[in-house]
Amino acid sequence: MLAIILILAILVGRQVTNRKGSAMAQWDEQFSKLKQIIEMMKDHNLVEIQIKQGEEELCVKKAQPVQQITAVPMFGAGLPGALPGAAAPAAGQGQEAVSQEDKPAEIKSPLVGTFYAQPSPDSEPFVELGSRVEPDTVVCIIEAMKVMNEIKAEMSGVIVDVVAANGSAVEYGQVLFKVRPD
Amino acid sequence: MFSRVLIANRGEIALRVIRACHELGIEAVAVYSEADKGAAYLDMADEAVCIGPAVPAQSYLNIPRIMSAAEITNADAIHPGYGFLAENENFAQICRECGITFIGPPPEAMRLLGDKVEARKLAKEAGVSLVPGSDGVVEDIEQGLKIAAGIGYPVMIKAVAGGGGRGMRVAHNEMSFRSGFTSAQAEATAAFGDGSVYLEKLIVEPRHVEVQVMADGTGNVLHFYERDCSIQRRHQKMIEESPCPVISEKVRQELCESAIRIIKHANYVNAATVEFLLDKDRHFYFIEVNTRIQVEHPVSEMVTGRDLIKMQLQVASGEKLGLTQKDIKHRGVAIECRVNAEDPANGFSPCPGTITRFIPPGGPGIRVDTHVYQGWTVSPNYDSMLCKLIAYRPTRDEAIATMRRALSEFVIEPIKTTIPASLSILSHNLFVKSKIDTEFVERNF
């Protein structure tokens, strides 16, 4: 039996509505959408679905033998409290990295290319050991086909290890930095 | 010759290309998705780069990631394999613009032959028979009768706007043509709002016969004879063989020369397969061109003693093949069986899972092309083909016997595979006598 893990992170910036009635209605609607998605995944034997609509993004992943828990930004009206079967943390400021306890979170490369730790050869690196990062902090550049892509931390915390070597080739999913999340 | 080639594919064809590269002294770069991480064939490449998650759109179909991988590994050329980006003219164009050689046809030739309508025009110009038809809308019954007489019965009356088998009638003679024409028009009007119909010759009991071609870019176009791929299920080939057991030497020559004419006419370079339908009177009709190397290429390799993938690399790097058609001789019989992770007893539904016991066959007359080994996990993300088993013997009866023997030796546990279905087909009296057509499997199994 494969368990289905729902990972939701809550974006603050939207006010949690005080009108419980409308919040519940929205919640019901979204939960039933989720159920539909899960059923669809089961029917078609899918492993992962990512749905993006404007600023909203939903990622549903089926548990795999080697589990990876990754943070996914935003989901609808901010609702605190536990969802049945969810492994989400409580609402907090910004995005949260859901990490296994006592193990640092990893910033992985979303691209294939060349890793650069600093914006230009003679400038200071974007981040170093001990640097504080927020979700929008640029941590490095990955150059792919002559295009310089700024890579953001997508999490809040402190850099505890710079893993990738400056100027080295990196592949998709390669660990670039280790972060001690907030 | 290239120093490094990146293979934009996975599984058995990736391994096939790695092997050809190594024999030519070329370094091979493999790319892989997270689903293929740890695959043993990746260790056979000189370098392997992860290009994305399992879903093909973000990995094997992701052009930016593949191009980046080529850039960081300093690949001079990319082999697209089959499927995925192999017939993507945009990809071929991008390779050209990035100064990386695409191992295949130039984008223009790919575009031209990839378009069915354009390809048919080209075939006609090259003097190759197409499935005879009315070349346009048939206005009335009298005109239709004239055209049908010219084509020869039976004919199919088809709705121009049609689909799903609607607005179609088969006519075997004048009388059935008259009634069929009217009712086809009526059905088409009702179903699609457009009663226009055209005519096409109905090929009865067609066989699928294709010709392997290689053009070296200096005007030298060679063929490597034909393959009969009539054993299909839902348009998926199951068993392929060479030579086609039912055509005369004369028909074979005409068939192969027609294929060459089409390829020459399109200014095509590198490997291609020209597909035809063969009717029961052994007339052949052009269908389409596949502008890539195909799954069943080993069949042609065995009967001609040539390595088509090495040739692809040589042609792409600008080397002349140094061969004439006279040098390419056909010898013996080769039969290929595809072994898929599908359950024939359950509508051929896919069977992903981990293979805990894998003992492939061997011995004389057997070639095994596979990326799979004991412990391999079949992922649901990609096609279900595990292995290509090829039997090569001096005669067809011997090849069939060797294939049956090999299939019976093959152990793949615990997942279900198509081995039992292949064994049934190979033992069927009609297959042995080669009294088959493209609907044989669906009628009998």
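Each chain carries its own residue numbering, running from 1 in the written order of its sequence. Chains carry letters from A onward and ligands carry numbers from 1 onward, assigned in written order. With pLDDT at 70 or above as the cut-off, local features in this predicted model cover only qualifying residues; side-chain atom pairs require 80 or more to be listed or tallied, and sums for whole chains, interfaces and linings still use all residues.

**Some remarks on the overall build of chain B**
Across its full length, chain B carries 15 helices and 22 strands. Computed over C-alpha atoms, the radius of gyration of chain B comes to 23 Å, within 12% of the 22 Å expected from 2.2 N^0.38 for 445 residues, which places it in the range of a compact globule. Considering only C-alpha atoms, chain B reaches an extent of 70 × 50 × 45 Å along its principal axes. Residues with at least 20 neighbouring C-beta atoms inside 10 Å of their own are called buried, those with 12 or fewer are called exposed, and the rest are partly exposed, where every C-beta is derived from the backbone. Burial analysis of chain B (445 residues in total) assigns 49% to the buried set. Taking contacts inside chain B between residues at least 6 apart in sequence as the whole, the part at least 24 apart equals 64%. Numbering of helices and strands runs from the N terminus, with a helix taken as a DSSP run of H or I at least four residues long and a strand as a DSSP run of E at least two residues long. We compute the radius of gyration from the C-alpha atoms alone; for a globule the expected value is 2.2 Å times N to the 0.38, where N is the number of residues. The contact rule is simple: place each C-beta atom from the backbone, and if two of them lie within 7 Å, those residues are in contact.

**Section: helix H12 (residues 396–409) of chain B**
Each full turn of the α-helix corresponds to 3.6 residues, which orients residues three or four apart in the same direction. Residue and element names in this part refer to chain B. Multiplying 1.5 Å by the helix residue count minus one yields the expected span of that helix. If you check H12, its first and last C-alpha atoms are 20 Å apart, about what 14 residues at 1.5 Å a residue would give, namely 20 Å. Listed in full, the buried residues belonging to H12 are Ala399, Thr402, Met403, Ala406 and Leu407. Projection of H12 onto a plane perpendicular to its axis shows the buried side chains occupying an angular sector of 130°, all on one side. Exposed side chains of H12 directed beyond 90 degrees from the buried face belong to Asp397 and Ser408. Buried residues along H12 sit against strand S14 (333–340), strand S19 (366–370), strand S21 (385–393) and helix H13 (419–427). What the arc measures is the spread of directions leading from the helix axis to the C-beta atoms.

**Some words on the sheet that holds strand S8 (residues 197–201) of chain B**
All names here are of chain B. Judged by pairing direction, the sheet is antiparallel, and its three strands sit side by side in the order S7-S6-S8 without closing on themselves. Each end of this open sheet is capped by a strand with a single partner; those strands are strand S7 (168–171) and S8. For this sheet the average axis-to-axis angle between neighbouring strands, irrespective of direction, equals 25°. For two strands to count as paired, DSSP must find a minimum of two bridges between them. Examined bridge by bridge, strand S6 (residues 155–159) and S8 share five bridges and lie antiparallel to one another. Looking across to S8, one finds that Ile157 is bridged to Leu199. Axis geometry follows a simple rule: fit a line to the C-alpha atoms, using only the stretch in contact for helices, then measure angles between N-to-C directions, giving values from 0 to 180 degrees. Together, S6, S7 and S8 form the strand contacts of helix H7 (residues 141–151), whose direction differs from that of S8 by roughly 15°. The sheet contacts of helix H8 (residues 174–192) involve S6, S7 and S8, and relative to S7 the element is tilted by about 175°.

**Here's the deal with the environment of Ser384 of chain B**
Residue and element names in this part refer to chain B. Within the fold, Ser384 resides in the loop between strand S20 (377–378) and S21. Note on Ser384: 21 C-beta atoms within 10 Å, which makes it buried. On a C-alpha basis, the gap between Ser384 and Arg10 in space is 12 Å, while along the polypeptide they are 374 residues apart. Not counting residues up to four positions away in its chain, the partners in contact with Ser384 are Asn340, Ala341, Glu342 and Pro350.

**A word on the confidence of the model for chain B**
Predicted coordinates in areas of low pLDDT are best not read in detail. Known as pLDDT, the predictor's confidence for each residue is given on a scale from 0 to 100. Mean pLDDT over chain B stands at 95; residues scoring 70 or higher make up 99%. Across the interfaces of the predicted complex, the ipTM metric reaches 0.78, alongside a pTM of 0.78.

**Overview of the nonpolar core**
All names here are of chain B. A set of buried Ala, Val, Leu, Ile, Met, Phe, Trp, Tyr and Cys residues, joined to one another through C-beta atoms within 7 Å, is what we call a nonpolar core. Formed by 150 residues in total, the largest nonpolar core has its most connected members in Val5 and Ala30. Non-local contacts of Ala30, meaning those with residues more than four positions away in its chain, are made with Ile7, Ala14, Ile18, Leu42, Ala45 and Ala48. If you look at the next biggest cluster of nonpolar residues, it comprises 13 residues, including Val138, Ala148, Ala171 and Leu199.

**Structural notes on the packing of helix H4 (residues 89–97) of chain B against helix H5 (residues 107–114) of chain B**
All names here are of chain B. As a packed pair, H4 and H5 sit with axes 9 Å apart at the nearest point and diverge in direction by 170°. Considering their axes alone, H4 and H5 lie roughly antiparallel with respect to each other. Contact residues: Glu89, Ala92, Gln93 and Arg96 in H4; Pro107, Met110, Arg111 and Gly114 in H5. Among the residues forming the contact of H4 with H5, the class breakdown is three nonpolar, two polar and three charged. Between 65 and 115 degrees an angle is taken as roughly perpendicular, under 35 as roughly parallel, over 145 as roughly antiparallel, and anywhere else as oblique. Classes in brief: Ala, Val, Leu, Ile, Met, Phe, Trp, Tyr, Cys and Pro nonpolar; Asp, Glu, Lys and Arg charged; the others, Gly included, polar.

**Looking at helix H1 (residues 11–23) of chain B**
All names here are of chain B. Spanning 13 residues, H1 covers 19 Å between terminal C-alpha atoms, matching the ideal 18 Å at 1.5 Å per step. Taken across its 13 residues, H1 has 10 buried, putting it largely inside the fold. Taken together, the buried positions of H1 are Gly11, Glu12, Ile13, Ala14, Leu15, Arg16, Val17, Ile18, Ala20 and Cys21. Gly25 sits one or two positions beyond H1 and adopts a positive phi of about 75°.

**Points about the packing of H1 of chain B against helix H11 (residues 308–316) of chain B**
Residue and element names in this part refer to chain B. Their axes nearest at 9 Å, the elements H1 and H11 cross at an angle of 65°. Once H1 is placed against H11, the crossing between them reads as right-handed. Contacts between H1 and H11 involve Arg16, Val17, Ala20, Cys21 and Glu23 from the first element and Ile309, Lys310 and Leu313 from the second. Whether a crossing is left-handed or right-handed is set by the direction in which the near helix is turned from the far one by less than a right angle, anticlockwise for left-handed and clockwise for right-handed.

**Here's the deal with the pairing of S7 of chain B**
All names here are of chain B. Here S7 shows a buried face lined by Arg169 and Ala171 and an unburied face lined by Met168 and Val170. Across four bridges, the pairing between S6 and S7 is antiparallel. When the bridges of S7 are listed, Ile157 appears paired with Arg169.

**Observations regarding the sheet that holds strand S5 (residues 113–116) of chain A**
Residue and element names in this part refer to chain A. On the basis of which strands lie adjacent, the open sheet formed by four strands has the order S8-S7-S5-S10 and antiparallel pairing. With partners counted over all chains shown, the strands left at the sheet margins are strand S8 (147–152) and strand S10 (169–170), one partner each. Pairing of strand S7 (residues 138–144) with S8, which is carried by six bridges, proceeds in the antiparallel orientation. Counted as the bridge partner of Val138 is Lys152 from S8.

**Focus: unusual backbone geometry**
In this model, Tyr153 of chain B is joined to Pro154 of chain B through a cis peptide bond whose omega is 0°. Tracing the backbone shows Pro154 of chain B in the loop between H7 and S6. Between Glu413 of chain B and the following residue, Pro414 of chain B, the backbone shows a cis peptide bond with an omega angle of 0°. One non-glycine residue, Lys146 of chain A, lies in positive phi territory at about 70°.

**Comments concerning the environment of Glu143 of chain A**
Residue and element names in this part refer to chain A. Mapping Glu143 onto the fold places it in strand S7. Taking C-alpha positions, Glu143 is 9.7 Å from Val170, a pair spaced 27 residues apart along the chain. Residues contacting Glu143, with those up to four places away along its chain left out, are Gly113, Thr114, Tyr116 and Met148.

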